[in-house]
Amino acid sequence: AGSPGPSSTRRTEGKQLCPCLVVPEGHEMNFAVRDLLTKEKQQLSFSIVDLEERPVTHVIVNEVGPHAGILIQLLDQTPLAWVRTKAVHEGRGMPEICYPSGEMFCTVAKEEAVPSSGYTLRDKSGQRLCTLHGDFREKAVNVVNPSGRLICETERCELGSDGTP
């Protein structure tokens, strides 16, 4: 919600790709994502899990064929989002994050800013939805909204007895 118009920050901040995963103010959601994705084309699937290793969502990566991308879905197979990766593998762009319908939600843009570089998610009109910065190799990343407020942070962790990140 919020007022309409291209200059409305409230409108941009109110957009939600997956409303069912919005965490209420004052709460947090902790989950783990296996470190499986590479820059190469892949075909694999895995679950995103809570810290007790119970599945929260499922990820299906299929980057072979004309519709290369990553599908994120609930455990009941309800689609949450689609990430188009074809442009990445063709060397002509960054991923596009889409609603389950295929309609674009936002683009990913690399930012070469000082003091740190990172990525910005921008909606169809070009408005910044959030910025990601930090140590991407070490998975220590902060996500801030257009007002500069921290909305997410990531860190490398190990779950289970096998010690895999």
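To be clear, the structure that these remarks concern was listed above.
Here's a quick rundown of the structure.

A word on the overall build of the protein
Part 1 of the reasoning: Scanning the protein for helices and strands turns up 2 helices and 10 strands.
Part 2 of the reasoning: What you see in the protein, going N to C, is helices and strands ordered as α-β-β-β-β-α-β-β-β-β-β-β.
Part 3 of the reasoning: When the accessible surface of the protein is totalled, it reaches about 10,700 Å², and 54% of it is carbon and sulfur.

With respect to the sheet that holds strand E8 (residues 128-135)
Part 1 of the reasoning: Pairing is antiparallel in the open sheet, where 10 strands are placed in the order E1-E2-E3-E4-E5-E6-E7-E8-E9-E10. Of all the strands in the sheet, the pair left with one neighbour each is strand E1 (43-49) and strand E10 (150-153). Between one strand axis and the next, the sheet turns by 20 degrees as a mean value, whatever way the strands run.

Overview of the packing of aromatic side chains
Part 1 of the reasoning: Taken as a whole and assessed by the stated rule, the structure comprises 2 aromatic pairs.
Part 2 of the reasoning: Relative to Phe-105, the ring of Tyr-99 lies with its centre 5.4 Å away and its plane at 85 degrees, an arrangement referred to as edge-to-face.
Part 3 of the reasoning: Here Tyr-99 falls in the partly exposed class, since its relative accessible area comes to 23%.
Part 4 of the reasoning: With a relative accessible area of 10%, Phe-105 lands in the buried category.
Part 5 of the reasoning: Pairing Tyr-119 with Phe-136 gives two aromatic rings, centres 5.2 Å apart and planes at 90 degrees, and the pair type is edge-to-face.

A few points about the side chain of Thr-85
Part 1 of the reasoning: Examined against the element boundaries, Thr-85 turns out to sit in the loop between strand E4 (79-84) and helix H2 (86-89).
Part 2 of the reasoning: Here Thr-85 falls in the buried class, since its relative accessible area comes to 5%.
Part 3 of the reasoning: What Thr-85 contacts, discounting residues up to four positions off in sequence, is Glu-63, Ala-68, Gly-69 and Ile-70.

So, the nonpolar core
Part 1 of the reasoning: Counting 14 residues, the largest nonpolar core has Val-59, Ile-97, Cys-106 and Leu-121 as the members making the most contacts within it.
Part 2 of the reasoning: Looking at this core, the elements with two or more residues in it are E1, strand E2 (55-62), strand E6 (104-111) and E8.
Part 3 of the reasoning: Examining the composition of this core, we find that 3 residues originate from one element, E6, more than from any other.
Part 4 of the reasoning: Residues in contact with Ile-97, not counting those within four places in the same chain, are Leu-17, Trp-82, Val-83, Met-104, Phe-105, Cys-106, Val-108 and Leu-121.

About the thresholds
- Residues numbered from 1 in each chain as written.
- Predicted model: local features only at pLDDT ≥ 70, side-chain atom pairs only at ≥ 80, totals over all residues.
- Heavy atoms only, no water.
- Helix = DSSP H or I, 4+ residues; strand = E, 2+ residues; numbered from the N terminus.
- Areas by Shrake-Rupley, 256 points an atom, 1.4 Å probe, with all protein chains shown as cover.
- Pairing = 2+ DSSP bridges.
- Axes fitted to C-alpha atoms, helices over the stretch in contact; angles between N-to-C directions.
- Phe/Tyr/Trp six-rings, centres within 6.5 Å; stacked < 30°, edge-to-face > 60°.
- Buried < 20%, exposed > 50% of the residue type's maximum accessible area, 1.4 Å probe, protein only.
- Contact = heavy atoms within 4.5 Å.
- Core = buried A, V, L, I, M, F, W, Y, C linked by side-chain atoms within 4.5 Å.

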